[in-house]
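# What the coordinates show
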Amino acid sequence: MAGYGVANERLRVLEELEREIGASLQSAGTVILELSKEKAGERLLERQAAQFSAAVQKVEAELSAQIRYLTQVATGQPHEGSSYAAQKATQLALNRVDYVRQRLGELASACEAASEP
């Protein structure tokens, strides 16, 4: 169940990124609108451009972190909140136990057959 917490947190971060992208687009729109005026407000332009730049940097950094996380998940490397690797190892071990059990049964049958007159 811990995996759901990690997934919910990842989704929350992506929703926050979506809001941040919307805010950056709004800042860019304000800059474009201000530039279309005959006498643009330099302070407003600088403030909106700085907000846009900060938002883009934040989005870029968080998206890079999300991509790194997804790369770890896709390559099968152990990561926080995943039990896939442990489940796979357990299943493989159980398969080996079944195979050994089968081979021991065959060996026991062969020994019994050889000891009978």
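The name recorded for the chain in an unreviewed UniProt entry is Mediator of RNA polymerase II transcription subunit 11, from Piaya cayana.

What follows deals with helix α2 (residues 42-74). For α2, spanning 33 residues, the distance from its first C-alpha to its last is 47 Å, which sits close to the expected 48 Å at 1.5 Å a residue. Residues of α2 that are buried include every one of Leu-45, Gln-48, Ala-55, Val-59, Gln-66 and Tyr-69, and no others.

Taken together, Tyr-99, Val-100, Leu-104 and Leu-107 make up a surface patch of nonpolar side chains, about 420 Å² in accessible area. Tracing the sequence through the fold places Tyr-99 in helix α3 (residues 84-115).

Turning our eyes to something else, we now look at the confidence of the model for the chain. For the chain, per-residue confidence averages 83 on the pLDDT scale, and residues scoring 70 or more make up 91% of the total. Across the chain, the element-wise mean pLDDT spans from 84 in helix α1 (residues 2-35) up to 86 in α3.

What follows covers the packing of aromatic side chains. In the structure shown here, the tally under the stated rule is zero aromatic pairs. Arg-10 extends its terminal NZ or CZ atom over the ring of Tyr-69, reaching a point 3.7 Å from the ring centre.

Take the side chain of Gln-48 next. On the secondary structure map, Gln-48 appears in helix α2. Sequence-distant contacts of Gln-48, that is, excluding residues within four places in its chain, are made with Ser-27, Thr-30 and Val-31.

So, how was this worked out
- Residues numbered from 1 in each chain as written.
- Predicted model: local features only at pLDDT ≥ 70, side-chain atom pairs only at ≥ 80, totals over all residues.
- Heavy atoms only, no water.
- Helix = DSSP H or I, 4+ residues; strand = E, 2+ residues; numbered from the N terminus.
- Expected span 1.5 Å × (residues − 1).
- Buried < 20%, exposed > 50% of the residue type's maximum accessible area, 1.4 Å probe, protein only.
- Patch = residues over 30% accessible without salt bridge, like charges linked within 9 Å, V, L, I, M, F, W, Y side chains within 5 Å.
- Areas by Shrake-Rupley, 256 points an atom, 1.4 Å probe, with all protein chains shown as cover.
- Salt bridge = Lys/Arg side-chain N within 4 Å of Asp/Glu carboxyl O.
- pLDDT = per-residue confidence, 0-100.
- Phe/Tyr/Trp six-rings, centres within 6.5 Å; stacked < 30°, edge-to-face > 60°.
- Lys NZ or Arg CZ within 6 Å of the ring centre and 35° of its normal.
- Contact = heavy atoms within 4.5 Å.

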